[in-house]
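Each chain, written out:
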Amino acid sequence: MPIDRAGLAEFLRRRRESLQPEDVGLPRGQRRRTSGLRREEVATLCHISADYYSRLERERGPHPSEQMIASIAQGLHLSYDERDHLFRLAGHHPPVRGGTGEHISPGLLRIFDRLTDTPAEIVTELGETLRQNRLGVALNGDLTRFTGPARSIGYRWFTDPACRALYHPGDHPLHSRVFASGLRHVATLRGPRSRAADLQKLLFDSSAEFRAVWEEHEIGIRYAHLKRFVHPDVGALELTCQALLDPDQGHSLLVYTAVPGSESYEKLELLAVIGATGVSGAASAGTPERRPAR
């Protein structure tokens, strides 16, 4: 498909000017003259250079890749229809919609951007973390850094013992059943050629525990809302996990909270102060490569 440079530039400019800092989780500041977002702010949101983005708005620069357009679409909080339109303007076919997509809906992002005082993350139906807030990283470590099959927490659970260190040992059997049951559901839903089916085959070949749990043919196994953590800095935590589902993409916004006044609540407040310095080794398998910005 040919690139429509003029259409692409105009669309990007209009979308940038229609967004306010608070729409995308940015502070407004006291001396703001721009009606919408600045180009530099959009570039930061999209994980690209300000010069590169500016050239796109000026109908210049190289032909942007599909990965670059996906990153811009996410940074601008585009709807699915707007994202598809952006891909076509840039000369690419839009990604297939459904459970395999990684474009987060604007509504889910708006909620996520406002969650600053409690751990939160957005995950795919395969347990791949797409976004974490600062407290989410402090609790679980940086889960967006994994590549390949290890992006899925279910895969890491059965293939790397370090993944389990953050969770109460008494809950490990339930975690195994939940991950296997969830993978069975997604693999059946998406079919034998899906990424879920590929994960199932990889795990079946590499983990005796997974084979044993899988052969129980359990489906619909879920957690109680309470999850027990063993954090390397603050110790035992009992947190309620609430999930908000985006049915169009199969993404879930996970929010972890503690009962006000409880010991876990006080530990979350402490975690907000000390940050993620102590959890990176506990919640990460080895030293995985950092994924390129989307």
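Draft legend 1. Region of interest: unusual backbone geometry. In the Ramachandran plot, histidine 47 falls in the positive-phi region, its phi being about 60° despite a non-glycine side chain. Tracing the sequence through the fold places histidine 47 in the loop between helix H2 (39–46) and helix H3 (50–57). If you check the backbone angles, glutamate 59 has positive phi at about 65° while not being a glycine. Relative to the helices and strands, glutamate 59 resides in the loop between H3 and helix H4 (66–75).

Draft legend 2. Focus on the confidence of the model for the protein. Chain-level statistics for the protein give a pLDDT mean of 89 and a share of 92% at 70 or above. The model gives residues 280–294 a pLDDT under 50, and that stretch makes 40 contacts with residues more than four places away or in other chains.

Draft legend 3. Seen up close, the pattern of salt bridges. Per the counting criterion, the structure on display carries 15 salt bridges. The shortest N-O distance in the salt bridge between arginine 55 and aspartate 51 comes to 3.4 Å. Separated by four residues within a single helix, arginine 55 and aspartate 51 lie in helix H3, roughly one turn from each other. Judged by its relative accessible area of 26%, arginine 55 falls in the partly exposed class. One salt bridge in this structure joins lysine 267 and glutamate 263, with 3.3 Å as the shortest N-O distance. Separated by four residues within a single helix, lysine 267 and glutamate 263 lie in helix H12 (residues 263–274), roughly one turn from each other. Exposure remark for lysine 267: the relative accessible area of 15% places this residue in the buried category. A relative accessible area of 56% places glutamate 263 in the exposed class. Salt bridges linked by common partners bring Glu10, Arg13 and Arg14 together as one network.

Draft legend 4. Quick look at the nonpolar core. Counting 33 residues, the largest nonpolar core has Leu139, Leu183, Phe210, Phe229, Leu239 and Tyr256 as its most contacted members. Taken together, the elements giving at least two residues each to this core come down to helix H7 (134–140), helix H8 (153–159), helix H9 (172–190), helix H10 (195–206), helix H11 (208–214), strand E4 (235–246), strand E5 (251–257) and H12. In terms of residue count, H9 provides more of this core than any other element does, five residues in total. In this structure, Leu19, Leu45, Tyr53 and Ala90 belong to the second largest nonpolar core, which totals 23 residues.

The rules behind the values
- For every chain, the first residue of its written sequence is number 1, and the numbers climb from 1 along that sequence.
- With the structure being a predicted model, the display of local features is reserved for residues of pLDDT at least 70 and the display and counting of side-chain atom pairs for 80 or more, all residues being used for whole-chain, interface and lining totals.
- Excluding hydrogens and water, the side-chain values take into account all heavy atoms of the structure.
- Strands here are runs of E lasting at least two residues and helices are runs of H or I lasting at least four, both read from the DSSP assignment and numbered beginning at the N terminus.
- Per residue, pLDDT captures the predictor's confidence, and it can take any value from 0 to 100.
- The contact criterion used throughout is that any non-hydrogen atoms of two residues lie within 4.5 Å.
- Salt bridges are identified by distance alone: a Lys or Arg side-chain nitrogen within 4 Å of an Asp or Glu carboxyl oxygen.
- Exposed residues in this analysis have more than 50% of their type's maximum accessible area, buried residues have under 20%, and partly exposed residues fall in between, with area computed by a 1.4 Å probe over protein chains only.
- Among buried residues, the Ala, Val, Leu, Ile, Met, Phe, Trp, Tyr and Cys ones that are joined through side-chain atoms within 4.5 Å form a nonpolar core.

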